[in-house]
Amino acid sequence: MIATACLFAAPQRLSQAGRTVRPGSRALVVRALAVPDQYGYVMASVALTTALVQWQAIRVAIARKKVGLSYPKMIAEGDSEEARVFNCTQRSHQNTLEYFTGVVAMQALLGLQYPVVAAAAGTAWTLARVAYTLGYSTGDPSKRGPGAIASGLIHVLLILGTGVTGVRIATGL
Ligand SMILES: CCCCC/C=C\C\C=C/C=C/C=C/[C@@H](SC[C@H](NC(=O)CC[C@H](N)C(=O)O)C(=O)NCC(=O)O)[C@@H](O)CCCC(=O)O
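Residues numbered from 1 in each chain as written. Predicted model: local features only at pLDDT ≥ 70, side-chain atom pairs only at ≥ 80, totals over all residues. Heavy atoms only, no water.

Participant: What's the story with the overall build of the protein chain in this structure? I'm lost.
Facilitator: Secondary structure assignment for the protein chain yields 4 helices and 4 strands. Buried positions account for 34% of the 173 residues belonging to the protein chain. (Helix = DSSP H or I, 4+ residues; strand = E, 2+ residues; numbered from the N terminus. Buried < 20%, exposed > 50% of the residue type's maximum accessible area, 1.4 Å probe, protein only.)

Here it is as structure tokens:
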């Protein structure tokens with residue numbers, strides 16, 4: 001368990017254990033947040049999920065150079081192979097970003113209670129998104145299907161798992 005020491009500059013009066021702390025002095029308030037030992041797995045899975053979107057961004061930059069599309073244009077005009085590949089590569093990154101924040105937040109929150117489950121779900125989602133990216137980036141959107149379905153399913157399971165766990169913690173059920 002890691003006790004998190006929060007150092008507060010006490011701009012206003014801060015009572016600590018009944019004593020009033022003078023304005024401007026520093027008060028150490030220790031609040032214990034029970035973080036399970038295996039939370040390190042969650043940290044690693046969140047890092048992996050973040051590395052995914054970085055990898056996708058690099059792929060978009062490479063495809064952008066190939067098609068010769070200047071900033072700030074987001075979509076290549078025309079129906080050439082390069083334009084199609086760029087637009088699909090761009091969408092594989094943009095679509096992933098549409099779900100990235102929720103997936104990272106749910107890994108971090110669910111991980112407080114079930115670190116291994118949360119890390120496994122986050123890693124599985126990331127791998128599904130790799131498949132999504134590689135399929136989409138062929139220039140044929142239908143090839144994103146398997147990765148999309150897998151990530152979509154995991155996404156729903158993360159939503160249900162985080163929501164139910166939250167209610168159970170709040171209600172003591
Ligand atoms: C709570 C109850 C829910 C019930 C659902 C039950 C089971 C779910 C099972 C399978 C779900 C499959 C969904 C597949 C696509 S859904 C296909 C996806 N579409 C979207 O994300 C829609 C919004 C997007 N901006 C768009 O314009 O298409 C897409 O690939 N779009 C192409 C693009 O943006 O370029 C996924 O991308 C959803 C995203 C979820 C995720 O990956 O985190």
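Participant: Sorry, what's going on with the side chain of Thr165 here?
Facilitator: Within the element layout of this structure, Thr165 appears in helix 4 (residues 145–171). The exposure class assigned to Thr165 is buried, which follows from its relative accessible area of 10%.

Participant: Just checking my understanding: could you explain the packing of helix 3 (residues 115–136) against helix 4 for this structure?
Facilitator: Any two packed helices are characterised by the angle at which their axes cross and by the distance between the axes. Closest axis-to-axis distance for the helix 3/helix 4 pair is 7 Å, and the angle between their directions is 155°. Viewed along their axes, helix 3 and helix 4 adopt a mutual orientation that is roughly antiparallel. As for how helix 3 packs across helix 4, the hand of that crossing is left-handed. Counting all contacts with helix 3, which are made through Ala121, Ala124, Trp125, Ala128, Arg129, Ala131 and Tyr132, the residues of helix 4 involved are Gly147, Ala148, Ala150, Ser151, Ile154, His155 and Leu158. Grouping the constituent residues of the contact of helix 3 with helix 4 by class yields 10 nonpolar, 3 polar and 1 charged. (Axes fitted to C-alpha atoms, helices over the stretch in contact; angles between N-to-C directions. Parallel < 35°, antiparallel > 145°, perpendicular 65-115°, else oblique. Left-handed = near helix turned anticlockwise from the far one by under 90°. Contact = heavy atoms within 4.5 Å. Nonpolar A, V, L, I, M, F, W, Y, C, P; charged D, E, K, R; others polar.)

Participant: I would appreciate a short explanation of the packing of helix 1 (residues 39–67) against helix 2 (residues 81–113) in the present structure.
Facilitator: Running from N to C, helix 1 and helix 2 point in directions that differ by 165°, and their axes come no closer than 9 Å. In terms of orientation, helix 1 lies roughly antiparallel with respect to helix 2. The element helix 1 and its partner helix 2 pack so that their crossing is left-handed.

Participant: Help me understand the site of the ligand, please; the structure alone is not making it clear to me.
Facilitator: Near the ligand you find 16 residues, and of these Arg91, Tyr99, Tyr132, Tyr136 and Ser151 are the closest. Within the side chain of Arg129, an N or O atom sits 2.7 Å from an oxygen atom of the ligand. The contact in question runs from an oxygen atom of the ligand to an N or O atom on the side chain of Arg144, over 2.7 Å. When the ligand sits alone it has 950 Å² of accessible area, and the protein chains cover 56% of it. At the level of elements, helix 2, helix 3 and helix 4 are the ones that each hand at least two residues to the shell around the ligand. At 7 residues, helix 4 tops the list of elements feeding residues into the shell around the ligand. (Near = heavy atom within 4 Å. Polar contact = N/O pair within 3.5 Å; in protein donor to acceptor, adjacent residues only side chain to side chain. Areas by Shrake-Rupley, 256 points an atom, 1.4 Å probe, with all protein chains shown as cover.)

Participant: Hey, could you run me through the nonpolar core in this one?
Facilitator: It is characteristic of soluble globular proteins that their nonpolar side chains tend to be buried jointly. With 18 residues, the main nonpolar core has Val42, Trp125, Ile154 and Leu158 as its most contacted residues. Contributions of two or more residues to this core are made by helix 1, helix 2, helix 3 and helix 4. Ala63, Leu69, Ala83 and Phe86 belong to the second largest nonpolar core, which has 6 residues in total. (Core = buried A, V, L, I, M, F, W, Y, C linked by side-chain atoms within 4.5 Å.)

Participant: Would you take a moment to explain the side chain of Thr162 for this structure?
Facilitator: Summarising the element assignment, Thr162 is placed in helix 4. Overall, Thr162 belongs to the buried group, its relative accessible area being 17%. A polar contact is formed between the side chain of Thr162 and the backbone oxygen of Leu158, at a distance of 2.7 Å. Setting aside residues no more than four positions away along its own chain, Thr162 makes contact with Met106, Leu109 and Leu110.

Participant: I'm lost on the environment of Pro141 in this one. Help?
Facilitator: Assignment of secondary structure puts Pro141 in the loop between helix 3 and helix 4. With residues up to four places along the chain from it excluded, the contact list for Pro141 reads Cys88 and Tyr136.

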